[in-house]
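Residue-level structure breakdown
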Amino acid sequence: MRYSTLENPKTTLGKIVSKAFKAFKEWWDKRTIGVGMEEEGNKKMYDHMGFNRKIKECFFDPCARDKDMKPAADEGFISLSKEL
């Protein structure tokens, strides 16, 4: 565990552990949320809460599936992120 907090580890193991821990921490610190494109009130609320970075616009619902098990079409939503 001590390798994970070192800024400049000298051993190969220390470098590997430090790099892996930094990557995990970057992944862990990001939070995402989806909001409908027409939901202006929710957009303002999430912006106020810090979800102000737009990741992408989606036009299908990844949870809803059609008869061929493909993602069903959706009215659209925006995926927003926040760094903690």
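Preceding this section is the structure that the text describes.
So, here is what we can say about the structure in this document. (Residues numbered from 1 in each chain as written. Predicted model: local features only at pLDDT ≥ 70, side-chain atom pairs only at ≥ 80, totals over all residues. Heavy atoms only, no water.)

Note on sheets: strands pair through backbone hydrogen bonds, and any given pair is parallel or antiparallel. The strand order across the open sheet formed by three strands is β1-β3-β2, and the pairing between neighbours is antiparallel. Since the sheet does not close on itself, it has two edges, and those belong to β1 (30–36) and β2 (53–65), each with one partner. Strand after strand, the sheet turns through a mean of 40° between neighbouring axes, direction not considered. Here β1 pairs with strand β3 (residues 71–83) via seven bridges, running antiparallel. In the strand pairing of β3, I33 is matched with L80. Contacting β1 and β3, helix α2 (residues 40–48) runs over the sheet at an angle of about 165° to β1. (Pairing = 2+ DSSP bridges. Helix = DSSP H or I, 4+ residues; strand = E, 2+ residues; numbered from the N terminus. Axes fitted to C-alpha atoms, helices over the stretch in contact; angles between N-to-C directions. Contact = heavy atoms within 4.5 Å.)

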